[in-house]
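Summary of the model geometry
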Amino acid sequence: MKLFNALVGAFSLSFTVTAAIAEPIVWDMPNEYPATSIQGETDAFFSARLEELSGGEMSIVHHYGGAIGFRSRDQLDAVGDGAVPLANTFIAPLGGIDPLFLLMSLPFLTSDSAEARALFEIAEPHFNTLLESHNQRLLYSSPWAPSGLWSREEITGLEALKLLKMRSYDANSTKVFRAAGAAPVQLSWADIVPQLSAGGIDGVLTSIEAGLSASFNEYTPVFAALNYDSTINIATINLDVWNGLSEEQKAILEQAANETEDHAWANVDVAVSLAYEEARAAGMTVIAEPDPAYRAALVDRAAPVIAEWLEKSGETGQSILSSFSTAMGREISN
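Note that the structure is a prediction, hence the values are computed from the model and not measured. Along each chain, the written sequence defines residue order, and numbers are assigned to residues from 1. Under the rules for a predicted model, residues below a pLDDT of 70 receive no local features and side-chain atom pairs below 80 are neither given nor counted, while totals for whole chains, interfaces and linings still include all residues. Working from all heavy atoms in the structure, the side-chain values ignore hydrogens and water.

**Brief notes about the overall build of the protein**
Here is the rule: In DSSP terms, a helix is any run of H or I states spanning at least four residues, a strand is any run of E spanning at least two, and both are numbered starting from the N terminus. The reference for a compact globule is 2.2 Å times residues^0.38; the radius of gyration itself is calculated from the C-alpha atoms. Each residue is placed in one exposure class: buried if its accessible area under a 1.4 Å probe, protein chains only, is under 20% of its type's maximum, exposed if it is over 50%, and partly exposed if it falls in between. Whether two residues are in contact is decided by their heavy atoms, any of which lying within 4.5 Å being enough. Areas reported as accessible are Shrake-Rupley estimates using a 1.4 Å probe. Residue values count occlusion only from the protein chains shown. The positive count covers Lys and Arg only, the negative count covers Asp and Glu only, and His and the chain ends enter neither. Here the site of a charge means NZ on Lys, CZ on Arg, CG on Asp, or CD on Glu.
On a plain count of helices and strands, the protein comes out with 11 helices and 11 strands. What you see for the protein is a C-alpha radius of gyration of 20 Å, in line with the 20 Å of a compact globule of 334 residues. Principal-axis analysis of the C-alpha atoms places the extent of the protein at approximately 65 × 45 × 35 Å. Taken across its 334 residues, the protein has 54% of its residues classed as buried. If you take every contact in the protein between residues at least 6 apart in sequence, the share linking residues at least 24 apart comes to 76%. Counting every atom, the protein has about 13,300 Å² of accessible surface; 51% of that belongs to carbon and sulfur. Put simply, the protein has 18 plus and 43 minus side-chain charges, and the middle of one group is 9 Å from the middle of the other.

In structure tokens:
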């Protein structure tokens, strides 16, 4: 046990499993993002299906918005150590633990949700092995809409981007936007609004849907759809908890998780369309197609980041991107 020992007792009742599904199971599930976000909606779908499939004998208590003190960077250890039985975690902040967690946030690697899912499915066996080494098991992946830039004023090129104080969310995005002349600082989700309101940052890298769920438009009324990347969250369960389930319980849990994953990926594009409508209705400026030269300049500054990731990830990274390149029928620039 590396941390969170004090919390284990508080959640011990949630971990009780028996061989028969007649004994009710109630699990606590943290998620750093709000219930109104695409990740919150995905978790709600999962718990509803789990309860329905189990006849009410398996249920989840959600803790959205980091309500019990765990941010995404904490949740890998929290689940692995048994402080919570399961969690929905944004993986990009975990890049310092293993470069595989940075795969889905490699800049400009995927162009839409279909490509993003194809990339994850190629990498999924490697994620399973990595998660097992952290005493947990993958339940489902859940995508974010493609990331763009929220700002107080319109940014149409590198000159306007220069020295912009902005939120980045991982090592990849920090390096790309620093190379482009901005002043990025890596912030977790819970820290963004306080920094926006205090003037600590003037821009945020995230999706249109995510920003609206947290009312970023009150501070940054401009959104440029850079299609920077298609990051994901993953829901995982503690391996000891999983192993303590009956075969019937495991089958129910897997079915609910598989249905949730399909639901999440199928609905991300719908969420984007609705978010654009909502943003415009709220009076925001939405730049759906940024200047091609501006985006090309960002792509150029992203190439060294992909090359560096390949070096750090070794044969695993080479294998994943090679398979992805073949599947997409195009070369991956690095």
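Read on for the rest.
**Concerning the sheet that holds strand β8 (residues 203-207)**
Threshold: Here the rule is simple: two strands pair whenever DSSP picks up at least two bridges between them. Each axis is a line fitted through C-alpha atoms, taken for helices only over the stretch in contact, and angles between the N-to-C directions span 0 to 180 degrees.
Taking strand neighbours across the sheet as the criterion, the 6 strands line up as β7-β6-β8-β5-β9-β11 in an open arrangement whose pairing is mixed. Strand pairing shows two members of the sheet lacking a second neighbour, β7 (183-186) and β11 (285-287), which therefore form its edges. Going across the sheet, the axis of each strand differs from the next one's by a mean of 25°, ignoring polarity. Alignment of strand β6 (residues 165-168) against β8, held across 2 bridges, turns out to be parallel.

**Here's the deal with the side chain of S325**
Here S325 shows up in helix α11 (residues 292-328). When sequence neighbours within four positions are dropped, the list of residues in contact with S325 reads R330, E331 and I332.

**A short note on the packing of aromatic side chains**
Centre distance and the angle of the planes are the two values used to describe a pair of aromatic rings. Stated precisely, the cut-off is as follows: Under the pairing criterion, centres of Phe, Tyr and Trp rings, with the six-membered ring standing for Trp, must be within 6.5 Å; the plane angle then separates stacked pairs below 30 degrees from edge-to-face pairs above 60, leaving the rest tilted.
With the rule as written, the count across this model stands at 12 aromatic pairs. Seen from their ring centres, F108 and Y228 are 5.3 Å apart, and the 75° between their planes marks the pair as edge-to-face. Separated by 120 residues along the polypeptide, F108 in the loop between β3 (86-90) and α4 (113-133) and Y228 in the loop between β9 (222-224) and β10 (232-238) bring together distant segments of the chain. For the pair F108 and Y228, one class covers both residues: buried. Seen from their ring centres, W150 and F216 are 5.9 Å apart, and the 85° between their planes marks the pair as edge-to-face.

**What about the pattern of salt bridges?**
Pairing of side chains with opposite charge becomes possible as their charged atoms draw close. For the record, the criterion: One speaks of a salt bridge when a side-chain nitrogen belonging to Lys or Arg is within 4 Å of a carboxyl oxygen belonging to Asp or Glu.
Scanning the model with the defined rule gives 13 salt bridges in all. Salt-bridge contacts for E261 lead to R117; the nearest nitrogen and oxygen are separated by 3.9 Å. Linking E261 in helix α10 (residues 247-281) with R117 in helix α4, this pair joins segments that are 144 residues apart in sequence. Judged by relative accessible area, E261 falls into the buried class, the value being 12%. Among the salt bridges present, the one from K312 reaches E308, with a minimum N-O distance of 3.2 Å. Placement of both K312 and E308 in helix α11 is noted, with a separation of 4 residues, approximately one turn of the helix. Here E308 falls in the partly exposed class, since its relative accessible area comes to 29%. Overlapping salt bridges bring together R117, E121, E261 and D262 as one network.

**A short note on the packing of helix α2 (residues 38-53) against α10**
Here is the rule we go by: By convention, the crossing between two helices is left-handed when the near helix turns anticlockwise from the far helix through less than a right angle, and right-handed when the turn is clockwise. Under the convention adopted here, Pro, Cys and the residues Ala, Val, Leu, Ile, Met, Phe, Trp and Tyr are nonpolar, Asp, Glu, Lys and Arg are charged, and Gly plus all remaining residues are polar.
Put simply, α2 and α10 touch, their axes get as near as 9 Å, and they point 145° apart. Crossing of α2 over α10 shows right-handed handedness. From α2, I38, E41, T42, F45, F46, R49, L50 and L53 reach across to α10, where they touch I252, L253, Q255, A256, A257, E259, T260, H263, A264, V268 and A271. In terms of residue class, the contact of α2 with α10 is built from 12 nonpolar, 4 polar and 3 charged.

**A look at α10**
As a reminder of what qualifies: How far a helix is expected to stretch is found by multiplying one less than its residue total by 1.5 Å. To get the bend at any residue, fit one axis to the seven residues that end at it and another to the seven that begin at it, then take the angle between the two axes.
A rise of 1.5 Å per residue sets the reference length of α10, with its 35 residues, at 51 Å; its end C-alpha atoms lie 49 Å apart and thus fit the reference within 8%. In the structure, α10 departs most strongly from a straight axis at N267, where the bend amounts to approximately 40°. Positive phi appears at G283, one or two residues downstream of α10, with a value of about 90°.

**Here we look at the environment of T316**
By the element assignment, T316 lies in helix α11. Through-space distance from the C-alpha of T316 to that of A123 is 8.9 Å; in sequence the pair is 193 residues apart.

**Comments concerning unusual backbone geometry**
Backbone geometry at N135 places phi at a positive 60°, although glycine is not the residue there. Position of N135 relative to the elements: it lies in the loop between α4 and β4 (136-143). Although it is not a glycine, L163 adopts a positive phi angle of roughly 65°. In this structure, L163 sits in the loop between α5 (158-161) and β6. Since its relative accessible area comes to 61%, L163 is described here as exposed.

**Some details on the environment of Y169**
As a reminder of what qualifies: A 3.5 Å cut-off defines polar contacts: any pair of N or O atoms within that distance qualifies, except that in protein one atom must be a possible hydrogen donor and the other a possible acceptor, and neighbouring residues in sequence count only when both atoms are side-chain atoms.
Summarising the element assignment, Y169 is placed in the loop between β6 and α6 (171-179). Distance in space between the C-alpha atoms of Y169 and E259 is 28 Å, their sequence separation being 90 residues. Separated by 2.9 Å, the side chains of Y169 and S147 make a polar contact.

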